[in-house]
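One-letter residues, chain by chain:
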Amino acid sequence: MFNRGEDMRRKRALAYVLTAVLLAGCANARGPTFRPAENIKPEDGVVYVYREEAFASGARSAYFYVDGVNVFNLDTGGYSWAALPPGSHKLRLEWAWDMLKKPVEMDISIRAGEAKYVALKTNTCMVPGNVTCLDVGLRETSAAIASQEIRSMAFQENFGLERLKARKP
């Protein structure tokens, strides 16, 4: 029979393993590798969003919204884009309900003919009490850095563009 301290260590170890399994995964994006968006109106700008390869939350899709419209979902190693009229826009990342992670928002200001790049990075982290957590970050990157990071990413359909265009400003 185990003593109380040993039993707690076993339960904690089991919790770590289960957490790692839930946060991890291998669902990688499939599709053609990066190429610049085509047929963008000269009066619009384009925002590219890509999800860096990561073990943390790799089995889960990340849901991206622009101005409240779900425009695309990204798996690890994936990218997509949205053509936007000049001005300020709200980019929001959400996860499935069971991830228990708050949405992450970013304001994006874009000009006509401009291209912006945003990267999603996920990591596991530890919080007091030896609890594993998910660290999520969106960062705007320069074209020079993004061109190196995004070039091997797989395109994922930007299914919400028509709904986004149909919205009244």
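Data block above holds the structure.
All of these numbers come straight from a predicted model, not from anything done at the bench. (Residues numbered from 1 in each chain as written. Predicted model: local features only at pLDDT ≥ 70, side-chain atom pairs only at ≥ 80, totals over all residues. Heavy atoms only, no water.)

A.B. asks: Explain the overall build of the protein to me, using residue names and the numbers behind them.
C.D. replies: When you go through the protein residue by residue, the secondary structure sums to 3 helices and 9 strands. Start at the N end of the protein and walk to the C end: the helices and strands fall as α-β-β-β-β-β-β-β-β-α-β-α. Looking at the protein residue by residue over its 169 residues, the buried ones come to 40%. Taking the contacts inside the protein whose residues are at least 6 apart along the sequence as the reference set, 70% of them involve residues at least 24 apart. (Helix = DSSP H or I, 4+ residues; strand = E, 2+ residues; numbered from the N terminus. Buried < 20%, exposed > 50% of the residue type's maximum accessible area, 1.4 Å probe, protein only. Contact = heavy atoms within 4.5 Å.)

A.B. asks: Could you give an account of the environment of Arg163, naming the residues involved and the relevant values?
C.D. replies: In this fold, Arg163 is placed in helix H3 (residues 161–166). Classification of Arg163 by relative accessible area gives partly exposed; the value is 46%. The sequence separation of Arg163 and Asn70 amounts to 93 residues, and the corresponding C-alpha distance is 8.7 Å. If near-sequence neighbours (up to four positions away) are discounted, Arg163 is found in contact with Val69 and Asn70.

A.B. asks: Account for the packing of aromatic side chains, naming residues and giving values.
C.D. replies: One pass over the full model with this rule turns up 5 aromatic pairs. With centroids separated by 5.4 Å and ring planes inclined at 70°, the aromatic side chains of Phe34 and Tyr48 adopt a geometry described as edge-to-face. In this pair, Phe34 is assigned in the loop between helix H1 (4–23) and strand S1 (45–51) and Tyr48 in strand S1, connecting sequence segments 14 residues apart. Tyr48 gets classed as buried once you look at its relative accessible area, which sits at 4%. Here the basic side chain of Arg92 rests over the ring of Tyr65, its NZ or CZ set 4.5 Å away from the ring centre. (Phe/Tyr/Trp six-rings, centres within 6.5 Å; stacked < 30°, edge-to-face > 60°. Lys NZ or Arg CZ within 6 Å of the ring centre and 35° of its normal.)

A.B. asks: Just give me the short version of the nonpolar core, but keep the residues and values in it.
C.D. replies: Counting 35 residues, the largest nonpolar core has Phe64, Trp81 and Leu91 as its most contacted members. Setting aside anything within four residues of it in sequence, one finds Leu91 in contact with Val49, Phe64, Tyr65, Val66, Val104, Glu105, Met106, Ile108, Val118 and Leu138. (Core = buried A, V, L, I, M, F, W, Y, C linked by side-chain atoms within 4.5 Å.)

A.B. asks: Account for the environment of Glu140, with residues named and values stated.
C.D. replies: Within the element layout of this structure, Glu140 appears in strand S8 (residues 131–141). It is 9.1 Å that separates the C-alpha atoms of Glu140 and Val49, two residues lying 91 residues apart in sequence. Not counting chain neighbours up to four residues away, the residues in contact with Glu140 comprise Met106, Lys116, Tyr117 and Val118.

A.B. asks: Could you give me a rundown of the sheet that holds strand S2 (residues 62–66), with the residues and numbers involved?
C.D. replies: Spatially, S3-S2-S5-S6 is the arrangement adopted by the 4 strands of the open sheet, whose pairing is antiparallel. Looking at the sheet topology across the chains shown, the edges are occupied by strand S3 (69–74) and strand S6 (104–110). Ignoring which end each strand starts from, the neighbouring axes of this sheet average 25° apart. Taken together, the 7 bridges between strand S5 (residues 87–94) and S6 define a ladder with antiparallel strand orientation. Counted as the bridge partner of His89 is Ile108 from S6. (Pairing = 2+ DSSP bridges. Axes fitted to C-alpha atoms, helices over the stretch in contact; angles between N-to-C directions.)

A.B. asks: Quick one: what's the story with the pairing of strand S4 (residues 78–84), residue by residue and with numbers?
C.D. replies: Where burial is concerned, most of S4 is hidden: 7 out of the 7 residues are buried. A two-sided burial pattern is seen for S4, the buried positions comprising Gly78, Ser80, Ala82 and Leu84 on one face and Tyr79, Trp81 and Ala83 on the other. The pairing of S1 with S4 spans 6 bridges and is classified as antiparallel. Its bridge partner lying in S4, Val47 is registered against Ala82.

A.B. asks: Any details on the side chain of Asn70? Residues and values, ideally.
C.D. replies: Within the secondary structure, Asn70 is located in strand S3. Side chain to side chain, Asn70 and Asn73 meet in a polar contact 3.3 Å long. Apart from the residues within four sequence positions on either side, Asn70 is in contact with Tyr63, Phe64, Tyr65, Phe159, Gly160 and Arg163. (Polar contact = N/O pair within 3.5 Å; in protein donor to acceptor, adjacent residues only side chain to side chain.)

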